[in-house]
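Listed below, chain by chain, are the residues.
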Amino acid sequence: MVFLVSDEVQSKKGGPLMIVTGYASGMVECRWYDGYGVKREAFREDELKPGDRRRIHEEA
């Protein structure tokens, strides 16, 4: 599954809804607000699932 910048995603393990902000070194960079500040982390694409608001595109 391919995620685009601005797609909403969530870890398959659960956790907050996040926004995809970019790609680096084969990882998907995500950010989210935890109530106190903006957090960021990079995930492998297979660790993520689509959120409620999504624009998912299959690889051609």
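Scroll up for the structure.
Per chain, residue numbering runs from 1 following the sequence as it is written. Local features in this predicted model are restricted to residues whose pLDDT is 70 or higher, and side-chain atom pairs enter the listing and the counts only when it is 80 or higher, whereas totals over whole chains, interfaces and linings include all residues. Just so you know, side-chain values use all the structure's heavy atoms and leave hydrogens and water out.

## Observations regarding the sheet that holds strand E2 (residues 18–24)
At step 1: Two strands qualify as a pair provided DSSP detects at least 2 bridges between them. Working definition: helices are DSSP H or I runs of at least four residues, strands are E runs of at least two. Numbering for both runs from the N terminus. Strand order in the open sheet made by the 5 strands is E4-E3-E2-E1-E5, with antiparallel pairing throughout. Of all strands in the sheet, those bounded by a partner on one side alone are strand E4 (38–43) and strand E5 (48–50). Taking each pair of neighbouring strands and ignoring which way they run, the sheet shows an average axis angle of 45°.
At step 2: Relative to E2, strand E1 (residues 8–11) runs antiparallel, the two sharing 2 bridges. Bridge pairing in E2 places Glu8 opposite Ile19. Note on geometry: axes are lines fitted to C-alpha atoms, helical ones only across the stretch in contact, with angles between N-to-C directions running from 0 to 180 degrees.

## Here we look at the side chain of Gln10
At step 1: Here Gln10 is to be found in strand E1.
At step 2: In this structure the side chain of Gln10 is engaged in a polar contact, spanning 2.5 Å, whose partner is the backbone oxygen of Gly15.
At step 3: We call two residues in contact whenever any of their non-hydrogen atoms come within 4.5 Å of each other. With near-sequence residues (within four places) excluded, Gln10 lies in contact with Gly15, Pro16, Leu17, Met18, Glu47, Leu48 and Lys49. Throughout this description, a polar contact denotes any pair of N or O atoms lying within 3.5 Å of each other; where both atoms belong to protein, one of them has to be capable of donating a hydrogen while the other can accept it, and for residues adjacent in sequence the pair is counted only when both atoms sit in side chains.

## Section: the nonpolar core
At step 1: The nonpolar core is taken to be a set of buried Ala, Val, Leu, Ile, Met, Phe, Trp, Tyr and Cys residues, with the residues joined through side-chain atoms within 4.5 Å. Partly exposed describes any residue whose relative accessible area lies between the buried limit of under 20% and the exposed limit of over 50%, with all areas from a 1.4 Å probe on protein chains only and scaled to the type maximum. Counting 9 residues, the largest nonpolar core is built from Phe3, Val9, Met18, Val20, Val28, Cys30, Trp32, Phe43 and Leu48.
At step 2: Taken together, the elements giving at least two residues each to this core come down to E2 and strand E3 (27–33).
At step 3: The element best represented in this core is E3, accounting for 3 residues.
At step 4: Setting aside its immediate chain neighbours within four residues, Val20 contacts Phe3, Leu4, Val5, Ser6, Asp7, Val9, Val28, Glu29 and Cys30.

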